[in-house]
Amino acid sequence: MIIAIDGPAAAGKGTLARRLAEAYGFALLDTGLLYRAVGMKVVAADGDLDDEEGAARAARALRPDELSNPALRSDAAAQAASKVAAIAPVRAALLDFQRTFAHQPPSPAKGAILDGRDIATTVCPDAEIKLFVTASAEIRAKRRYKELLDRGLSAIYARVLEDLEERDARDKARAVSPLVAAPDALVIDTSAMDADRVFATAVDFIKSRNVGERP
Ligand code: CDP
Ligand code: CDP
């Protein structure tokens, strides 16, 4: 069984994905890390994020052990990710890895959860469960801002909001696999919901779809 979770930045995708993975015993892939790792590789090499061939080479050479680098959580990595994510050969190079993870998750997991922007539309259109997690830009920016302060980093709210809106716009406007809810996805607006309520909403949906999974 595959659970696809998509949505804009800081909507609560990862939080929901982690809770569902734990409840159902599924393997979890945060696909944003793939794009962040490619972006950072390009920055470390020559820094030209518009060089399509260089970015595609970096994507083809990506190894799973490169996904645990703590620097991938930085805003610089997020911005670099959203630039290389618009390059078609980069997306194509990352498809196989994501699909293999989804269909043959590492044992002993009985299923896979992938979160990103195009899981339900492109990577796994066959996913049994599709969730589109969203929230207003202001709420998402407040959450990301708080997260940065909690990590002991300095941040300016207006800059965080600007960064999220810039990435959302790029993710929605790109020609390949733009950010959009699949027609058969459950849209969860988390603006006024805490993580417990989002989780309960998702579990109810999974039960209602009768795909045989119980947390
Ligand atoms: O994965 P994504 O970027 O969509 O978001 P996240 O990392 O799951 O959540 C971003 C921040 O919002 C985290 O600090 C979460 O704790 C917080 N959050 C929240 O306040 N309320 C929710 N319903 C979900 C997440
Ligand atoms: O945590 P947050 O939602 O802020 O970002 P992320 O999920 O780590 O994604 C970083 C960037 O990677 C996004 O802004 C997208 O441009 C890109 N991405 C994508 O294009 N497709 C995916 N499946 C996942 C991420």
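Everything numeric here is computed off the predicted structure, so don't read it as measured data.

### Focus: the site of ligand 1
Argument step 1. What surrounds ligand 1 is a group of 14 residues, the closest being A10, K13, G14, T15 and E147.
Argument step 2. Within the backbone of G12, one N or O atom sits 3.0 Å away from an oxygen atom of ligand 1.
Argument step 3. Backbone polar atom of A195 to a nitrogen atom of ligand 1: 3.4 Å apart, as the coordinates give it.
Argument step 4. Expressed as a share of its isolated accessible area of 540 Å², the protein-covered part of ligand 1 is 76%.
Argument step 5. Taken together, the elements giving at least two residues each to the shell around ligand 1 come down to α1 (13-24), α7 (137-150) and α9 (195-208).
Argument step 6. Here the shell around ligand 1 is built from residues that sort into six nonpolar, three polar and five charged.

### Overview of the packing of aromatic side chains
Argument step 1. Tallying each qualifying case throughout the model produces two aromatic pairs.
Argument step 2. Taking the centre distance of 5.8 Å and the plane angle of 45° together, the rings of Y24 and F26 count as tilted. For the pair formed by Y24 and F26, the shared burial category is buried.
Argument step 3. Centre to centre, the rings of Y145 and Y157 are 6.1 Å apart; their planes meet at 85°, and the pair counts as edge-to-face. Linking Y145 in helix α7 with Y157 in helix α8 (residues 157-173), this pair joins segments that are 12 residues apart in sequence.
Argument step 4. With a relative accessible area of 27%, Y157 lands in the partly exposed category.
Argument step 5. Looking at R19, its charged tip hangs above the ring of F199, at a distance of 4.7 Å from the centre.

### A look at the site of ligand 2
Argument step 1. Of all residues adjacent to ligand 2, which total 18 residues, the nearest are R36, R91, R144, R167 and D171.
Argument step 2. A distance of 2.8 Å is found between an oxygen atom of ligand 2 and a side-chain nitrogen or oxygen belonging to R91.
Argument step 3. Taking R174, its side chain carries an N or O atom lying 3.0 Å from an oxygen atom of ligand 2.
Argument step 4. Relative to its free-state accessible area of 530 Å², ligand 2 is covered by the protein chains to the extent of 95%.
Argument step 5. Of all the secondary-structure elements, those providing two or more residues to the shell around ligand 2 are α2 (32-45), α4 (75-84) and α8.
Argument step 6. If one sorts the elements of the shell around ligand 2 by residue count, α2 sits on top with three residues.
Argument step 7. Its residues assigned to classes, the shell around ligand 2 comprises five nonpolar, four polar and nine charged.

### Considering the nonpolar core
Argument step 1. Ranked by internal contacts, the top residues of the largest apolar core, which has 22 residues, are I3, I5, L16, L20, I113 and L131.
Argument step 2. Listing elements by their share of this core, those giving two or more residues are β1 (2-6), α1, β4 (129-134) and α9.
Argument step 3. It is α9 that contributes the most residues to this core, six residues altogether.
Argument step 4. With near-sequence residues (within four places) excluded, L131 lies in contact with I3, A4, I5, D6, L16, L20, A185, L186, I188, A202 and F205.

### Some thoughts on the UniProt feature "domain: Cytidylate kinase" (unreviewed entry) in the protein chain
Argument step 1. According to UniProt, the feature "domain: Cytidylate kinase" (unreviewed entry) maps to residues 3-207 in the numbering used here.
Argument step 2. Span residues 3-207 is 54% helix and 11% strand, its end C-alpha atoms 13 Å apart.

### As for a negative patch on the surface
Argument step 1. Negative charge collects at one region of the surface, where D46, D48, D50 and E52 lie side by side.
Argument step 2. Within the secondary structure layout, D46 lies in the loop between α2 and α3 (52-60).
Argument step 3. For D46, a relative accessible area of 52% corresponds to the exposed category.

### Considerations on unusual backbone geometry
Argument step 1. With an omega dihedral of 10°, the bond running from S107 to P108 counts as a cis peptide bond.
Argument step 2. Along the polypeptide, P108 turns up in the loop between α5 (88-103) and β3 (112-116).
Argument step 3. We note that A10 has phi near 60°; this positive angle belongs to a residue other than glycine.
Argument step 4. Within the fold, A10 resides in the loop between β1 and α1.
Argument step 5. Unusually for a residue other than glycine, S177 sits at a positive phi of about 45°.
Argument step 6. Mapped onto the fold, S177 is located in the loop between α8 and β5 (186-189).
Argument step 7. Its relative accessible area of 15% is what places S177 among the buried residues.

Rules used throughout
- Residues numbered from 1 in each chain as written.
- Chains lettered and ligands numbered in written order.
- Predicted model: local features only at pLDDT ≥ 70, side-chain atom pairs only at ≥ 80, totals over all residues.
- Heavy atoms only, no water.
- Near = heavy atom within 4 Å.
- Polar contact = N/O pair within 3.5 Å; in protein donor to acceptor, adjacent residues only side chain to side chain.
- Areas by Shrake-Rupley, 256 points an atom, 1.4 Å probe, with all protein chains shown as cover.
- Helix = DSSP H or I, 4+ residues; strand = E, 2+ residues; numbered from the N terminus.
- Nonpolar A, V, L, I, M, F, W, Y, C, P; charged D, E, K, R; others polar.
- Phe/Tyr/Trp six-rings, centres within 6.5 Å; stacked < 30°, edge-to-face > 60°.
- Buried < 20%, exposed > 50% of the residue type's maximum accessible area, 1.4 Å probe, protein only.
- Lys NZ or Arg CZ within 6 Å of the ring centre and 35° of its normal.
- Core = buried A, V, L, I, M, F, W, Y, C linked by side-chain atoms within 4.5 Å.
- Contact = heavy atoms within 4.5 Å.
- UniProt positions renumbered as here; feature names shortened; annotations may be inferred.
- Patch = residues over 30% accessible without salt bridge, like charges linked within 9 Å, V, L, I, M, F, W, Y side chains within 5 Å.
- Salt bridge = Lys/Arg side-chain N within 4 Å of Asp/Glu carboxyl O.
- Lys, Arg positive; Asp, Glu negative; His and termini not counted.
- Charge placed at Lys NZ, Arg CZ, Asp CG, Glu CD.

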